[in-house]
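# Understanding the architecture of this molecule
If you want the building blocks of each chain, they are given just below.
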Amino acid sequence: MIWRALLLLGAVLAGAASSAFGAEIPSGERRSAYDLMSRETKAMQDDDTANPGTFSVLDGEALWSAKAGTADKACADCHGDARASMKGVAARYPAFDPAHRRPLDLEQRINVCRTEQQKAPALAHESKELLALTAYVARQSRGIPISIAADRMVEFLDAGRSLFYRRQGQLNLACSQCHDDNWGKSLAGNAIPQGHPTGYPLYRLEWQTLGSLQRRLRNCMTGMRAEPYAYGAPENVALELYLMWRARGLAMETPAVRP
Amino acid sequence: MARALINVPAKAKRGEVVAIKTLISHVMESGFRYSNTGQLIPRNIITWFQCTYNGEEIFSAELHAAMAANPFITFHTVATESGKLEFTWTGDNGFSATESATITVE
Amino acid sequence: MNQYGTTRRDVLKAAGILAAGAGTATIRAVPADATPAAMQAAIRRVIGEASVKPGKVSLEIPPLVENGNTVPCAVTVESPMTAKDYVKAVHIFNEKNPQPNVISMHLGPRAGRANVSTRIRLSDTQTVVAIAELSDGSFWSASTNVIITLGACLED
């Protein structure tokens, strides 16, 4: 465990001119982690019948039409055919919700519908059902460029950006030191991506299952030896928001496959 | 709940060799992993897979714990006649799944 | 490897054995990691005493994989795949996983082409062996050394 941490530290210190508020990656250089993957892993993502994420999308499709809650309503009852109504939605999430006066990510938005419209219990974080619905909705945005409307969300974007640039944890590392300053270089045999959440929820080979962006962020923070934020915590949503804004222009890939 | 995905061409010429890709949703718990509390997680894997073409076996396999989760197996067959391809997976804890696909051979 | 010279896996294994012994009636025997000798024994159990010659088999695995949980693996065997001369089976073995067998695939003349692919799990950098059994009773093999790295940021 310690050698891995030292390798990480060494790689970062060797390469980085660490800055508190460095420049983000220029739009012309923005790349999805897809580009760093091997030919076989790319093929796994591109072929729906070889991509285990497809199972979640199919489960989500079934859930979309299933009646739920005391209101006995299905998503389809209000939203009709997801292929039309949900097209482009995931590409602009997290989005500001006037009722809650803050941004909600897709999982939270789905649960707001579940509890307030369907009158059903909220789906647990990382549950099969929530992942399936999120995957199904986000799949409808595949190929669509990410585009976050910053109005009314500036303070949340700033919060997310601060988190991205803030040194934290036992290694005193900031996200930016790997993902802004050292992307493309190798860390213990893995290529460091720029960290754009273009394909969530995605099938991570390390997890051997589909998982959300928040799971990945918590994973990163544990790896950095920092205390991860709880699922649904405002810090996680702010970070998701900033990352999606930072990824603007890149196409959605859900359900992606990543190492 | 979606279980298996099959990729086989819908149409083929007689005598043509076609590729068949199969993917099944299964955790393939190896039986060698430990939980956070130090308990050995029991093995739970698919152990056998078979494909028949109009009732005759054209491919089968015995799977072991070293197969990745969500087993993906591709193989080939000669398109001999129109008909039905049937796929069967069985494994630990009474696991059993079947899927089928049709092929039109002209 | 930590400062005590143990790996995380050794520590967890020890914990598991201790936990099993402490309160429960049975102690579950945990198999030792496979070794090259164990792989040879597994090969013998599957193909019997026949001699295996290198050749005819091509085993394609990326030399450096992104994640040992899902290693793409393709095997092609040179064979006309006719009713008289075909590949009966393709077996894949590994050297260092806890268990040496990976998969045994049964083909036949109806396959048309002896080309199969799958995704396997490899726990460590090691040699993977593919053995093809032909209809004339001969056995042919290919082997590849694969480098497995642990992900930089583990979840726990």
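Let me begin by describing the structure that accompanies this report.

The rules we used
Residues numbered from 1 in each chain as written. Chains lettered and ligands numbered in written order. Predicted model: local features only at pLDDT ≥ 70, side-chain atom pairs only at ≥ 80, totals over all residues. Heavy atoms only, no water. Helix = DSSP H or I, 4+ residues; strand = E, 2+ residues; numbered from the N terminus. Buried < 20%, exposed > 50% of the residue type's maximum accessible area, 1.4 Å probe, protein only. Contact = heavy atoms within 4.5 Å. Areas by Shrake-Rupley, 256 points an atom, 1.4 Å probe, with all protein chains shown as cover. Rg over C-alpha atoms; globule rule 2.2 N^0.38 Å. Lys, Arg positive; Asp, Glu negative; His and termini not counted. Charge placed at Lys NZ, Arg CZ, Asp CG, Glu CD. Buried area = accessible area lost by both parts, 1.4 Å probe. Salt bridge = Lys/Arg side-chain N within 4 Å of Asp/Glu carboxyl O. Polar contact = N/O pair within 3.5 Å; in protein donor to acceptor, adjacent residues only side chain to side chain. Core = buried A, V, L, I, M, F, W, Y, C linked by side-chain atoms within 4.5 Å. Phe/Tyr/Trp six-rings, centres within 6.5 Å; stacked < 30°, edge-to-face > 60°. Lys NZ or Arg CZ within 6 Å of the ring centre and 35° of its normal.

Attention now goes to the overall build of chain C. From N to C terminus, chain C includes two helices and nine strands. Counting every position in chain C, which comprises 156 residues, the buried fraction comes to 47%. The long-range share in chain C, meaning contacts at least 24 apart out of those at least 6 apart in sequence, stands at 61%. When the accessible surface of chain C is summed, it comes to about 7,400 Å², and 57% of that surface belongs to carbon and sulfur atoms.

This part covers the overall build of chain A. Counting secondary structure elements, chain A contains 11 helices and seven strands. Rg of the C-alpha trace for chain A: 18 Å, near the compact-globule value of 18 Å for 259 residues, within the 12% margin. Summarising its shape, the C-alpha atoms of chain A cover approximately 60 × 40 × 35 Å along the three principal directions. Looking at chain A as a whole, 53% of its 259 residues are labelled buried. Sequence-distant contacts, at least 24 apart, represent 69% of the contacts inside chain A between residues at least 6 apart. Only carbon and sulfur atoms are counted for the fraction: they give 55% of the accessible area of chain A, which is about 11,100 Å². Distance between charge centres in chain A, computed from 31 positive and 28 negative side chains, equals 2 Å.

A common measure of how large an interface is: the accessible area buried when the components associate. Across the contact, 34 residues belong to chain B and 32 residues belong to chain C. Carbon and sulfur atoms make up 52% of the area that chain B and chain C hide from each other, which totals about 2,900 Å². Put simply, E56 of chain B and R110 of chain C hold a salt bridge, and the shortest N to O gap is 3.5 Å. Our count for the chain B to chain C interface comes out at 19 residue pairs in polar contact (both at pLDDT 80 or more). For the side of chain B that touches chain C, the secondary structure elements donating two or more residues are β3 (17–24), β5 (56–63) and β6 (72–78) of chain B.

So, about the nonpolar core. For soluble globular proteins, nonpolar side chains are generally found buried alongside one another. F59, F75, F87 and W89 of chain B are the most contacted members of the largest nonpolar core, which has 60 residues in total. Sorting elements by how many residues they give to this core places strand β8 (residues 95–105) of chain B first, with five residues. The residues touching F87 of chain B, leaving out its near neighbours within four places in the chain, are I6, I20, T22, F49, Q50, C51, F75, A97, T98, E99, S100 and A101 of chain B. F96, L123, L133 and Y203 of chain A belong to the second-largest nonpolar core, a separate cluster that totals 56 residues.

All names here are of chain A. The omega torsion of the bond from Y93 to P94 falls at 5°, within 30 degrees of zero and hence cis. Position of P94 among the secondary structure elements: in the loop between α5 (82–85) and β1 (95–97). Put simply, Y200 and P201 share a cis peptide bond, and its omega is -10°. Here P201 shows up in the loop between β4 (190–191) and β5 (202–204). A positive phi angle, near 70°, is found at R152, a position not held by glycine. Residue placement: R152 occurs in the loop between α7 (128–139) and α8 (154–165). Unusually for a residue other than glycine, N172 sits at a positive phi of about 55°. Its place among the elements puts N172 in the loop between α8 and α9 (175–179).

Here the focus is the packing of aromatic side chains. In total, this model carries 10 aromatic pairs over all chains according to the counting rule given. Note on F164 of chain A and Y165 of chain A: the rings are 5.3 Å apart at their centroids and 85° apart in plane angle, and the pair reads as edge-to-face. Exposure class is identical for F164 of chain A and Y165 of chain A. Each is buried. Seen from their ring centres, F59 of chain B and F75 of chain B are 4.2 Å apart, and the 5° between their planes marks the pair as stacked. Pair noted here: F59 of chain B is in strand β5 and F75 of chain B is in strand β6, with a separation of 16 residues, a long-range link. Through a chain of ring-to-ring contacts, three or more aromatic side chains come together here, namely F49, F59, F75, F87 and W89 of chain B. Looking at R218 of chain A, its charged tip hangs above the ring of Y231 of chain A, at a distance of 4.5 Å from the centre. Stacked on the ring of W140 of chain C, the Lys or Arg K53 of chain C has its end atom at 5.0 Å from the ring centre.

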